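Understanding the architecture of this molecule
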Amino acid sequence: MKLGMRQCGGDRIGSEAEHPPFEGTAFQVKVWNAMKEIPRGEIRTYTQIAVQIGHPNSARAVANACGQNPYPPVVPCHRVVRSDGSLGGYSGEGGVETKRRLLREEGVEFSTPS
């Protein structure tokens, strides 16, 4: 079950948001919990998340786990970007355009098109 934009309740994105229990691998759950800790208006890279969860050489696996996020944008995978500053992908409805819009709504500015 994926929660739609209207179901996420305004600012109820991230650590304060409620959602059904995660069902995934231990690695995926670590990634998803790490994403919930990213404050509104801030971003992290896939590499930063990998380091945070104790798997510093697993940036690609982090990106894959982001792509399997069962609750975008409630679990804010839109706040995770590539190390080069480009947006990467977004598995939620609307794809990368939605990711860009969510980040802009949170005050994240981009110096180059992503």
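Refer to the structure presented above.
The text that follows walks through the structure, step by step, so that each part is easy to find. (Residues numbered from 1 in each chain as written. Predicted model: local features only at pLDDT ≥ 70, side-chain atom pairs only at ≥ 80, totals over all residues. Heavy atoms only, no water.)

**Concerning the pattern of salt bridges**
The condition is simple: What counts as a salt bridge is simple: a side-chain nitrogen of Lys or Arg found within 4 Å of a carboxyl oxygen of Asp or Glu. Only DSSP runs of H or I covering at least 4 residues are called helices, and only runs of E covering at least 2 are called strands; the numbering of each starts at the N terminus. Buried, partly exposed and exposed residues are distinguished by accessible area as a fraction of the type maximum, computed with a 1.4 Å probe on protein chains only: under 20%, between the cut-offs, and over 50%, respectively.
This model, assessed by the stated rule, comprises four salt bridges. Between R44 and E42 there is a salt bridge whose closest N-O contact spans 3.0 Å. Salt-bridge contacts for R79 lead to E106; the nearest nitrogen and oxygen are separated by 2.9 Å. Of this pair, R79 sits in the loop between α3 (59-67) and β2 (80-81) while E106 sits in the segment after α4 (95-105); the two residues are 27 residues apart in sequence, bridging distant segments of the chain. On the accessibility criterion, R79 (1% relative accessible area) is buried.

**A short note on the side chain of N69**
The line we're drawing: We define a polar contact as two N or O atoms separated by no more than 3.5 Å, with the added condition that, inside protein, one atom must be a possible hydrogen donor and the other a possible acceptor, whereas residues neighbouring each other in sequence contribute only through side-chain atom pairs.
Tracing the backbone shows N69 in the loop between α3 and β2. In this structure the side chain of N69 is engaged in a polar contact, spanning 2.9 Å, whose partner is the backbone nitrogen of Y71.

**Looking at the nonpolar core**
Going by this rule: The nonpolar core is taken to be a set of buried Ala, Val, Leu, Ile, Met, Phe, Trp, Tyr and Cys residues, with the residues joined through side-chain atoms within 4.5 Å. By definition in these notes, contact holds between two residues if any of their heavy atoms fall within 4.5 Å.
If you look at the biggest cluster of nonpolar residues, it comprises 20 residues, and the most contacted ones within it are V31, W32, M35, I49, V62, C66 and V80. Ranked by residues supplied to this core, first place goes to helix α1 (residues 26-36) with four residues. Setting aside residues no more than four positions away along its own chain, V80 makes contact with M35, I38, R44, T45, Y46, I49, C66, L87 and K99.

**Focus: the packing of α1 against α3**
For any two helices packed against each other, one specifies the inter-axial angle together with the distance between the axes. The cut-off we apply is this: Helix axes are fitted to C-alpha atoms over the stretch in contact, other axes to C-alpha atoms as well, and angles between N-to-C directions run from 0 to 180 degrees. In this scheme, roughly parallel covers angles under 35 degrees and roughly antiparallel covers those over 145, while 65 to 115 is roughly perpendicular and the rest are oblique. In this count, Pro and Cys sit with the nonpolar residues alongside Ala, Val, Leu, Ile, Met, Phe, Trp and Tyr, while Asp, Glu, Lys and Arg are called charged and the others, Gly among them, polar.
Close contact between α1 and α3 brings their axes to 9 Å; oriented N to C, the two are set at 80°. Here α1 lies roughly perpendicular to α3, going by the angle between them. On α3, the residues that touch F27, Q28, V31, W32 and M35 of α1 are A61, V62, A65 and C66. Taken together, the residues of the contact of α1 with α3 sort by class into eight nonpolar, one polar and no charged.

**Observations regarding the state of the cysteines**
As a reminder of what qualifies: Here, the term disulfide refers to a pair of cysteine sulfur atoms separated by no more than 2.5 Å.
Summed over the entire model, instances satisfying the criterion amount to zero disulfides. In this structure C66 is not part of a disulfide, and its nearest cysteine sulfur, from C77, lies 6.1 Å away. Since its relative accessible area comes to 6%, C66 is described here as buried. The buried category is assigned to C77, whose relative accessible area is 4%.

**Let's talk about the packing of aromatic side chains**
The geometry of an aromatic ring pair is captured by two quantities: the separation of the ring centres and the angle between the planes. What counts, and what does not: In this scheme Phe, Tyr and Trp rings, the latter by its six-membered ring, pair at centre separations within 6.5 Å, and the angle between planes marks the pair as stacked below 30 degrees, edge-to-face above 60, and tilted otherwise.
According to the stated counting rule, one finds two aromatic pairs in the structure shown. Put simply, the rings of F22, W32 and Y71 pair up and form one aromatic cluster.

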